[in-house]
Amino acid sequence: MSTTRLDTDTLTTALADLNALGQGGWSLSGGQLCKTFVFTDFVRAFGFMTQVALIAESMNHHPDWSNVYGQVRVALSTHESGGITERDIALARQMERLVATAEMHVTQ
């Protein structure tokens, strides 16, 4: 998977595709791909983080994230590339698939 920083056009298209894939909410902020996932409770939020951690470890690509009760704020970028790459988009897609298949009851 490429660690080349995405150009503006490619990033715009990838962001639109990503938002169409799930419940939306992905945005660009400070050179990072960001979303806040909102769960019904802490257990679901932490369960999501645990599952993402296993995927991220297998990809050797780890999110910058935080958790407060039922919210998980995610910020993705590829540090060695200095921006957003296909690795970030791929991890974001995996997060969306997890939420969709696990029926984790995410709200916006």
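In what follows, the accompanying structure is described.

What counts, and where the lines are drawn
Residues numbered from 1 in each chain as written. Predicted model: local features only at pLDDT ≥ 70, side-chain atom pairs only at ≥ 80, totals over all residues. Heavy atoms only, no water. Core = buried A, V, L, I, M, F, W, Y, C linked by side-chain atoms within 4.5 Å. Buried < 20%, exposed > 50% of the residue type's maximum accessible area, 1.4 Å probe, protein only. Helix = DSSP H or I, 4+ residues; strand = E, 2+ residues; numbered from the N terminus. 1 Å grid on protein atoms, 1.4 Å probe; cavity = no way out; pocket = protein on both sides within 12 Å on 5 of 7 lines; lining within 4 Å. Points joined across faces, edges and corners; volume = space filled by probe spheres on them. Nonpolar A, V, L, I, M, F, W, Y, C, P; charged D, E, K, R; others polar. Expected span 1.5 Å × (residues − 1). Arc of directions from axis to C-beta.

As a further point, take the nonpolar core. By size, the foremost hydrophobic cluster in this structure holds 25 residues, and its most contacted members are W26, L33, F37, F48, V72, L76 and M95. Going through the elements one at a time, α1 (8–21), β2 (32–38), α2 (42–59), β4 (71–76) and α3 (86–102) are the ones with two or more residues in this core.

Counted by the stated rule, this structure contains one cavity of 30 Å³ or more. Estimated volume of the largest cavity: approximately 40 Å³. What lines the largest cavity is Q32, H61, H62, P63, D64, A75, L76, S77, H79 and D88. Across the lining of the largest cavity, the residue classes break down as three nonpolar, five polar and two charged.

Moving on to α1. For α1, with 14 residues, the first-to-last C-alpha span of 20 Å sits near the 20 Å given by 1.5 Å per residue. Considered for burial, the residues of α1 that qualify are L11, A14, L15 and L18. Buried residues in α1, looked at end-on, bunch into an arc of 105°, giving them a common side. Away from the buried face of α1 by more than 90 degrees, exposed residues D9 and A20 are located.

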